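Next come the chains, spelled out residue by residue.
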Amino acid sequence: MRYGYFDEGNNEYVIDRVDLPTSWTNYLGVEDLCAVVNHTAGGYLFYKSPEYHRITRFRGNAVPMDRPGDYIYIRDNADGDYFSISWQPVGKPLDQAKYTTRHGMSVTTYECEYKGLRASEKLSIPIGDNALIWDVVITNQSDRDRDLSVFSYAEFSYHPVPIDNQNFQMSLYCAGSEYRDGTILYDLFYEEGYQYFTSNFEPDGFECLRDEFIGLYNTETNPQAVERGRLTGSFEKGGNHCASLQKNLMLKPGESARLIYFLGEGGYAEAEAIRAKYASPEKLEEAYETLRSFWMEKKRRFSVHSPEKGVDVMINTWTLYQAEINVMFSRFASFIEVGGRTGLGYRDTAQDAMTVIASNPQGCRKRIIELLSALTSSGYGIHLFEPRWFLPEEGAEKKKKPFKSPTVIPKPEGASKVHGLADACSDDALWLVPSIVEYVRETGDLGFLQEEYGYADGGSGSVYEHMKKIVGFSLKEVGENGICKGLRADWNDCLNLGGGESALVSFLLFRALICLRETAEYIGDRSYADDLSDTVTALQKSLNDTLWDGDWYLRGFTKSGRKIGTRENKEGQIHLESNAWAVLSGAADEEKAKRALDSIHEKLATPFGIMLNAPVYTEPDDEVGFITRVYPGLKENGSIFSHPNPWVWSAECRMGNGERAFAYYRSLCPYYQNDSIESRWAEPYSYCQFISGRDHTTYGRAHHPFMTGSGGWAYFAVTHYMLGVRPGFDELTVDPCIPKSWDGFEVSRVFRGATYRIRVTNPDHVEKGVKQIRIDGREASKIPVFAAGEEHAVEVVMG
Ligand code: GLC
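Residues numbered from 1 in each chain as written. Predicted model: local features only at pLDDT ≥ 70, side-chain atom pairs only at ≥ 80, totals over all residues. Heavy atoms only, no water.

**Q** What's the story with the overall build of the chain in this structure? I'm lost.
**A** Secondary structure assignment for the chain yields 20 helices and 41 strands. Relative to the compact-globule value of 28 Å for 799 residues, the chain shows a C-alpha radius of gyration of 27 Å, a close match. In terms of principal-axis extent, the alpha carbons of the chain reach across some 80 × 60 × 55 Å. In the chain, which comprises 799 residues, the share counted as buried stands at 62%. The long-range share in the chain, meaning contacts at least 24 apart out of those at least 6 apart in sequence, stands at 68%. Summing over all exposed atoms, the chain offers an accessible surface of approximately 28,800 Å²; the carbon and sulfur share of this is 49%. The average position of the 86 basic charges and that of the 113 acidic charges among the side chains of the chain differ by 1 Å. (Helix = DSSP H or I, 4+ residues; strand = E, 2+ residues; numbered from the N terminus. Rg over C-alpha atoms; globule rule 2.2 N^0.38 Å. Buried < 20%, exposed > 50% of the residue type's maximum accessible area, 1.4 Å probe, protein only. Contact = heavy atoms within 4.5 Å. Areas by Shrake-Rupley, 256 points an atom, 1.4 Å probe, with all protein chains shown as cover. Lys, Arg positive; Asp, Glu negative; His and termini not counted. Charge placed at Lys NZ, Arg CZ, Asp CG, Glu CD.)

**Q** I keep staring at a nonpolar patch on the surface and nothing clicks. Help me out?
**A** Judged by side-chain polarity, Leu446, Tyr522 and Ile523 come together as a nonpolar surface patch covering roughly 220 Å² of accessible area. Within the secondary structure, Leu446 is located in the loop between helix H11 (432-443) and strand E22 (452-454). Looking at Leu446, the relative accessible area reads 33%, which means it is partly exposed. (Patch = residues over 30% accessible without salt bridge, like charges linked within 9 Å, V, L, I, M, F, W, Y side chains within 5 Å. Salt bridge = Lys/Arg side-chain N within 4 Å of Asp/Glu carboxyl O.)

**Q** What is the right way to look at the sheet that holds strand E3 (residues 26-28) in this model?
**A** Remark on secondary structure: sheet strands pair via backbone hydrogen bonds, oriented parallel or antiparallel. Taken together, the three strands give an open sheet; going across it, the order is E3-E4-E5, and neighbouring strands pair in antiparallel fashion. On the outer flanks of this sheet lie E3 and strand E5 (43-47), each paired with one strand and no other. Going across the sheet, the axis of each strand differs from the next one's by a mean of 15°, ignoring polarity. Both E3 and strand E4 (residues 33-37) contribute to a ladder of three bridges, which runs antiparallel. Each bridged residue has a counterpart across the sheet, and for Tyr27 the counterpart in E4 is Val36. (Pairing = 2+ DSSP bridges. Axes fitted to C-alpha atoms, helices over the stretch in contact; angles between N-to-C directions.)

**Q** Is there a simple way to think about the packing of aromatic side chains in this case?
**A** Any two aromatic rings considered together are summarised by their centre-to-centre distance and by the angle between their planes. Evaluated as defined, the whole model comprises 60 aromatic pairs. Ring centres of Phe46 and Phe329 lie 6.3 Å apart, and the angle between their planes is 80°; on these two criteria the pair is classed as edge-to-face. Residue Phe46 is found in strand E5, and its partner Phe329 is found in helix H7 (residues 309-329); the two are separated by 283 residues along the sequence. Judged by centre distance (4.9 Å) and plane angle (45°), the rings of Trp318 and Tyr685 are tilted. (Phe/Tyr/Trp six-rings, centres within 6.5 Å; stacked < 30°, edge-to-face > 60°.)

Written out as structure tokens, the structure reads:
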């Protein structure tokens, strides 16, 4: 069953059946202001932090779902009937009204046709403005005059969400509203700074008090103000606040009205300024164009044309978009994480920052620097941190009256921001080494390696020294079997091993060592590179000796020495992570690599993607970890956890199995589930954190869209391993691994400012291997770095 389609020309996903089985999300804004919105205009707005600077309120995991939001109600004053442009919250029966939602790149548009009226509400946050714009157009398509009243509605939140949710003796008595000359102002007494809500028209009424608008015994579905058709002009110091402006319209047949609303950071002056800025609708069209160009420029950096539509549509638009959104806003703003946690997760950010360096070098560099500053001098990362703990906030406004709570809110101070080894995750910082190397390869910015950054616990060192500390830490923190300690957890938060040893971490260390060695060789640090070579050789031998279980690699050892991920186990015999990384890191011997990948295929592959482990755990076992207390088939216990799936695609490509890599791609990629939403539930344009595994009653259902490492990893795996276009220190490599049936594909790639028009042909119908490269018609042995601004034709013949 389908609920919509990909509109490729407009880079939009169009939902033409809005009664979806779950919320489908989009993200608006590309700088500091961000709105998380769903397909019925539910959602919330925040400035920089969804936890500490929330602008609009959201009731998470509530009934009805995803309320409130950015609502426009249209009331026909002839009979008092009203509807909202986004299907909800009024929710007219779908056989009486037609609704469409278009989620695009940083814009979402709701459209509706009801009783001879056509209306649209387009939401976006222009680049350079800290304001969410609601662009509303209403057209009278009937043959009679229409007497309408239009009401906006958004509900304000106290900035710190924990207080907004729990401490009403504070939030209700120090948040206030007022109104002047068409602008609603929302103020917090303990904090400098306001929000405004204003419009491009002279309003006929306003309401600042939520309970006046809705009524205590009504809901957003039937607000008393809209039922009545008139706002009362309420405002107050204290209470719950909203932004409602009324506009009365008389529309003749065929006539349209455009109403533009602005919900932004600032006071009357900022409201005035934004009204002036967008006084003419052309200015708004220009802002849309700027936003469009922002994304077009990113798309231009890498675009593919292949025989597989689900590759082109996802890589050129949606997976790129998902990966970028993760880098922009980190993981803690969604309908799942609704403001309880912000900051950066070390491992998640370190991986995200590797994936879109080509399209967002500055954003990834910023994240990498934040991670470098949250590294301790002993070489482990601070698992969850606020960048401002360790770095001055970029462009931070000096607030005259910063938020100072009169009640105690425990906040980490000084040394307590730096947790000890007991709370360290063994994988966190290991992800950063390859990300840094990828950054240098992409940008050619070798100087970055010598830049100096502080350590979280004091002292400082160059980026190169940070990298050495990271591998040094993992080389030192090994257990009795010579495998890296798992510490609190590794990538799998729920596989705690009681603090035992993690095979995954040892393979990640192997990969980090290889990356560092290549860097050391490139910059001429010969003796260090030689030392690393010795370490790598010894480590490779010991990993293959200690961790091979016969048909696959172990997952680790518990503290008491029990093997995990062995055929000897009744449950959790085989795990994806250690096997994927054994191969992808290059540590696995050739034979073992093949066998390990075959075992993944035999034991873990499903039509919806690859399960994390099998058989599922059914008995709680705290020596193994929390994984054994999660229901079978959900989350880390035998679900199809999306994030590590592309690790297997990449590992298959490393071994030359293009057929299998693409079969896996198709099974997980949401594009291919557009017509089976009855089982998927979630949006088909974004990867979700996990899909229920075969041991769960909801097998095949996808959970937690957008904010997951699977977006970035899917993008990285397809671009770098499957299409095989990889930046090097001083060349661009094209080493595809594709299905035999492909005749070839084309990629346009910007690398260090030059454009490479790459055409890959596959005359012998192989899965991997390059027999010839031609540049601008002339045979070449490699693809060099061209001067910025140049354009070259690169032909790659497989065989
Ligand atoms: C979540 C966490 C991530 C972790 C994964 C597996 O996605 O954000 O850090 O690696 O779960 O446990």
